[in-house]
Protein chains: 2
Amino acid sequence: MHPEPVATRRVQRATITDVARLAGVSISTVSRVLNETAPVADETIERVRHAVDILNFTPHAAARMLAVRKTDTIGLLLPEIGSSFFVPTLRGIEAAVREAGLDLLIFTGTPGGQRRREWRQPLGEHNTDGLLVFSDLLEARELTLLFQHGFPVVLLHRSAPVGTQIPSVRFDNRSGVRKLLEHLIREHGRRRIAFVRGPEGNEDSFARESAYREVLEAHEIPLDPALLMENGFTEQGGEAAVQRLLANNVACDAIFTGDDEAAAGALLALRRAGKRVPEEIAVVGFDDVPLSRHLNPPLTTVRAPIETASYLAARQLVRLIRNDTADAVTLLPVELVVRQSCGCP
Amino acid sequence: MHPEPVATRRVQRATITDVARLAGVSISTVSRVLNETAPVADETIERVRHAVDILNFTPHAAARMLAVRKTDTIGLLLPEIGSSFFVPTLRGIEAAVREAGLDLLIFTGTPGGQRRREWRQPLGEHNTDGLLVFSDLLEARELTLLFQHGFPVVLLHRSAPVGTQIPSVRFDNRSGVRKLLEHLIREHGRRRIAFVRGPEGNEDSFARESAYREVLEAHEIPLDPALLMENGFTEQGGEAAVQRLLANNVACDAIFTGDDEAAAGALLALRRAGKRVPEEIAVVGFDDVPLSRHLNPPLTTVRAPIETASYLAARQLVRLIRNDTADAVTLLPVELVVRQSCGCP
DNA sequence: ACAGTCGCTGAAAGCGCTTTCAGTATACCG
DNA sequence: CGGTATACTGAAAGCGCTTTCAGCGACTGT
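Residues numbered from 1 in each chain as written. Chains lettered and ligands numbered in written order. Predicted model: local features only at pLDDT ≥ 70, side-chain atom pairs only at ≥ 80, totals over all residues. Heavy atoms only, no water.

### Here's the deal with the protein's contact with DNA strand C
By nearness alone, 26 residues border DNA strand C, and A:Ile16, A:Ser31, B:Thr29, B:Arg32 and B:Thr44 come closest of all. Expressed as a percentage, the sugar and phosphate content of the atoms of DNA strand C within 4 Å of the protein is 62%. A distance of 2.7 Å separates a phosphate oxygen of DNA strand C from a polar side-chain atom of B:Thr29. No other element matches the 5 residues that helix α2 (residues 27-35) of chain A contributes to the surface near DNA strand C. (Near = heavy atom within 4 Å. Polar contact = N/O pair within 3.5 Å; in protein donor to acceptor, adjacent residues only side chain to side chain. Helix = DSSP H or I, 4+ residues; strand = E, 2+ residues; numbered from the N terminus.)

This is the structure:
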């Protein structure tokens, strides 16, 4: 497993000065042919290009950033990257970032949850041209501070702190939950619907829960606190929640998990307990991650345009960086996708 | 969807000079208290810290990089981030990167596959302290060039180009395939085993295919070219491959897909065609992504330590950056995980 | 009492680029 | 033919940091 270790010695990198010397011009000229910022004689261009090739010259990004005072980089702040929710999320962001010709710096939260608050901010205002924040890692007051400094920030799946106008893009959670639960109630006559919520402080989870309460109320179904469970938007969380539900023997004919991963866990627990889904208990989720159609039975859920959301968020950020303007809020419509776990054939 | 657009005006950032002025010291002193590189009087430290707080000062990363001549950033080169394989991969890398106190710059390949080859290399030798390369995006000759320059690079799921000693970390694919197929052959008596391979040029896929051939040979099963299909390590690819297989009516009693996502697709196609899995056709995959245990039936596969691999790769890179040494090759053991899709109860 | 140390600090040189600014040579206009 | 724009180029001044270098005072040891 550990054969010959390998060693390395660094080689001095070429700088713009080397190129200039080799081409017999000044560094200003080299800079000009590289950036095409001023007319340069064809013959000179040729010489410079040639020198660049010979020396395999690549400009030192930091020097460039320092001189032009921008980084052409955007930062992405993520919670711990756990679920498959991140695959489309990252794709969307990456697409937008590449389209804009920027680079992407990623920073994720520590599992422990405690943030590193040091003087050297990894994604601070100085290291990137803007920040895409997905997670509750950054506290409201830090966001506010950033906003007040006019530093470009956009929020993904989280709304702006009061007092700020930070652009955000989110799903229309309420409408999704409404469609989902009404389907369960009207089409399948379920009324004892458990809700397995996401982590404390997660806005999506909060919105979904309050929509859940609204729908129950609208149908005059009393809310049974025993049907409300925690999880954390993870498979294990969903599994544990359902285990608890079953252990406590609380009657229920449907489970709505705040997200699909939890639904997967719920399904696992239900099967292990010998419950038939959907006959005895229906299960529905939210998000429609790629996993969902493969579940057994295939999961009825709400399709959230995950990739689109992150793509648009990144685009907003780019707009904010380049034009100093963006849409305050982008609310993305979601769509009910009926598969079999709700009881439909 | 697009309410009031929001506008922003930038605010001038504080520099070390501002801090120095406010604290009534020289910038050298400020730098020293920030970096703790030389003794500074307690009272002075206090004044500087205070000034830093007041001004909300964060050092300009580019300036720092330029001065110290390192970026404290590592670059990650990914293929298009498509499958859930990336979730553990990113986690592992992120963990290692954070442990080492570095930042992570991500660059993924263009979907079209053509690389941007411009003078301004996004992840070039100048923008990061080292590169973690997962994908065949970078050609062998570019890797070689980097290696010759002594630029730290480590390869993930890809072996070093001939002539270089670039460290790499990979799975022990052959052994995994052997265990998997021998199980299929010995325990379940399957002999017409189709193989759905990954994308051209993917080393994992190549290794798995050649191991497949070896195992067949060892069991004196003739290789039927009709049983060899392309896909691309995607769900859709696996689905399409199996559709083709069925359409051509080629007899087969098992399908081995080069990865689990493709297995998920295969399962879908099989079910749609009314084939019973595993009774009529067994299906096995490779990787054991989180999805696999949820498939219907749960997928027998080979567990590859995806997160560990990327974690170790990142650690090797850090070692290479800091100590100029690393292990030439790290081969990670894999493990058969038997579920129901092979025919086991 | 004096050289040698040590704690602490500021001036200044650089890191590798971009970008004015100034300048020369050539073209073009009336 | 004088004047003015135009193509092209180099010197030099930064961008915001780190890091020598040198210096000053206060201690130490002999």
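### Notes on the protein's contact with DNA strand D
In the vicinity of DNA strand D, 26 residues are found, and the nearest of them are A:Thr29, A:Arg32, A:Thr44, B:Ile16 and B:Ser31. What you see for DNA strand D is that sugar and phosphate hold 63% of its atoms within 4 Å of the protein. Separating a phosphate oxygen of DNA strand D from a side-chain N or O atom of B:Ser31 is a distance of 2.7 Å. Contact between DNA strand D and B:Arg64: a phosphate oxygen at 3.2 Å from a side-chain N or O atom of the residue. At the level of elements, α2 and α4 (61-68) of chain A together with α2 (27-35) and α4 (61-68) of chain B are the ones that each hand at least two residues to the surface near DNA strand D. At 5 residues, the largest contribution of residues to the surface near DNA strand D is made by α2(B). Its residues assigned to classes, the surface near DNA strand D shows 13 nonpolar, 9 polar and 4 charged. (Nonpolar A, V, L, I, M, F, W, Y, C, P; charged D, E, K, R; others polar.)

### Structural notes on the domain arrangement of chain A
As far as domains go, chain A holds domain 1 (16-68), domain 2 (73-170 + 307-332) and domain 3 (173-305). For domain 1 of chain A versus domain 3 of chain A, the separation of C-alpha centres amounts to 60 Å. (Domains from an automatic or database assignment.)

### Observations regarding the sheet that holds strand β5 (residues 153-156) of chain A
The strands that make up a sheet pair up through hydrogen bonds in the backbone, lying either parallel or antiparallel. Taken together, 12 strands build an open sheet; the order of strands is β13(A)-β6(A)-β5(A)-β4(A)-β2(A)-β3(A)-β3(B)-β2(B)-β4(B)-β5(B)-β6(B)-β13(B) and the sheet is mixed. The outermost strands of the open sheet, each flanked by one partner alone, are β13 (329-332) of chain A together with β13 (329-332) of chain B. On average, each strand axis in the sheet is tilted by 20° relative to the strand beside it, whichever way the strands run. With 4 bridges joining them, strand β6 (residues 168-171) of chain B and β13(B) adopt parallel strand pairing. The residue of β13(B) that forms the bridge with B:Phe171 is B:Leu332. (Pairing = 2+ DSSP bridges. Axes fitted to C-alpha atoms, helices over the stretch in contact; angles between N-to-C directions.)

### Observations concerning the pairing of strand β9 (residues 254-257) of chain B
In summary, the side chains of a regular strand alternate between the two faces of the sheet. All names here are of chain B. A two-sided burial pattern is seen for β9, the buried positions comprising Ala254 and Phe256 on one face and Ile255 and Thr257 on the other. Of the strand pairs in this sheet, strand β7 (residues 193-197) and β9 are connected by 4 bridges, and their pairing is parallel. Paired with Ala194 across the two strands is Ile255, which belongs to β9. Where β9 lies against strand β10 (residues 282-284), 3 bridges are found, and the strand directions are parallel. Residue Phe256 lies in a different strand from β10, and its bridge partner there is Val284. Following the chain from β9 across helix α10 (residues 260-272) to the adjacent parallel β10, one finds a crossover that is right-handed. (Buried < 20%, exposed > 50% of the residue type's maximum accessible area, 1.4 Å probe, protein only. Right-handed = clockwise from strand over helix to strand, strands pointing away.)

### Some remarks on the environment of A:Val11
Topologically, A:Val11 is positioned in the loop between β1 (5-7) and α1 (16-23). A relative accessible area of 30% means that A:Val11 is categorised as partly exposed. Beyond its immediate stretch of four places on either side in the chain, A:Val11 contacts B:Gln148 and B:His149. (Contact = heavy atoms within 4.5 Å.)

### A few points about the environment of A:Gly92
Residue and element names in this part refer to chain A. As for its placement among the helices and strands, Gly92 is situated in helix α5 (residues 86-99). Classification of Gly92 by relative accessible area gives buried; the value is 0%. Along the chain, Gly92 and Leu312 lie 220 residues apart, while their C-alpha atoms are 7.9 Å from each other. Not counting the four nearest positions on each side in its chain, Gly92 is found in contact with Glu307, Ser310 and Tyr311.

### Re the state of the cysteines
Residue and element names in this part refer to chain A. Taken as a whole and judged by the stated rule, the model has 0 disulfides over all chains. With no disulfide of its own, Cys342 lies 3.7 Å from the sulfur of Cys344, the closest cysteine sulfur. The exposure class of Cys342 is buried, given its relative accessible area of 0%. (Disulfide = S-S within 2.5 Å.)

### A look at the interface of chain A and chain B
Facing the 83 residues of chain A at the interface are 83 residues of chain B. Between chain A and chain B, the buried area comes to about 7,900 Å², and carbon and sulfur atoms account for 54% of it. Inspection of the region where chain A meets chain B yields 4 salt bridges. Across the salt bridge formed by B:Glu235 and A:Arg293, the nearest N and O atoms sit 2.2 Å from each other. Remark: the boundary between chain A and chain B carries 21 residue pairs in polar contact (both at pLDDT 80 or more). Split into classes, the residues belonging to the side of chain A that touches chain B amount to 38 nonpolar, 26 polar and 19 charged. As judged from the 3 bridges shared by strand β3 (residues 103-108) of chain A and strand β3 (residues 103-108) of chain B, these two strands associate in the antiparallel manner. (Buried area = accessible area lost by both parts, 1.4 Å probe. Salt bridge = Lys/Arg side-chain N within 4 Å of Asp/Glu carboxyl O.)

### Re the relation of the copies chain A and chain B
The two copies are related by a screw motion: chain A maps onto chain B through a turn of 180° and a shift of 0.0 Å along the axis, at an RMSD of 0.1 Å. In symmetry terms, the pair is related by a two-fold rotation axis. When the interface residues of chain A are mapped onto chain B, 100% of them again fall at the interface, so both copies present the same face. (Least-squares fit on C-alpha atoms with pLDDT ≥ 70 in both.)

### Concerning α2(B)
Counting along an α-helix, one turn takes 3.6 residues, and residues three or four places apart therefore face a common direction. Residue and element names in this part refer to chain B. Buried within α2 we find Thr29, Val30, Val33 and Leu34. All buried residues of α2 fall inside an arc of 135° around its axis, so they share one side. Of the residues one or two after α2, Glu36 is the one with positive phi, at around 55°. (Arc of directions from axis to C-beta.)

### Section: the packing of aromatic side chains
Residue and element names in this part refer to chain B. One pass over the structure, following the stated rule, counts 10 aromatic pairs over all chains. Centroid distance Phe195 to Tyr212: 5.0 Å. Interplanar angle 25°. Geometry classified as stacked. Here Tyr212 lies in helix α8 (residues 203-218) and Phe195 lies in strand β7, a separation of 17 residues in the sequence. Pair check on accessibility: Phe195 and Tyr212 agree, each one buried. The lysine or arginine in question, Arg208, covers the ring of Phe286, its NZ or CZ lying 3.7 Å from the ring centre. (Phe/Tyr/Trp six-rings, centres within 6.5 Å; stacked < 30°, edge-to-face > 60°. Lys NZ or Arg CZ within 6 Å of the ring centre and 35° of its normal.)

### Quick notes on the sheet that holds strand β9 (residues 254-257) of chain A
Residue and element names in this part refer to chain A. As summarised here, the arrangement of the 4 strands in space is β8-β7-β9-β10, forming an open sheet in which the pairing is parallel. Strands with a single pairing partner mark the edges of an open sheet, and in this sheet they are β8 (228-230) and β10 (282-284). Pairwise comparison of adjacent strand axes, ignoring direction, gives a mean angle of 20° for this sheet. Sheet topology note: the strand β7 (residues 193-197)/β8 ladder contains 3 bridges and is parallel. Bridge assignment links Arg197 to a residue of β8, and that residue is Glu230. Sitting on the sheet, helix α7 (residues 173-188) is in contact with β7, β9 and β10, with an inclination near 170° to β9. Across the sheet, helix α9 (residues 235-247) is in contact with β7, β8 and β9; its angle to β8 comes to roughly 140°.

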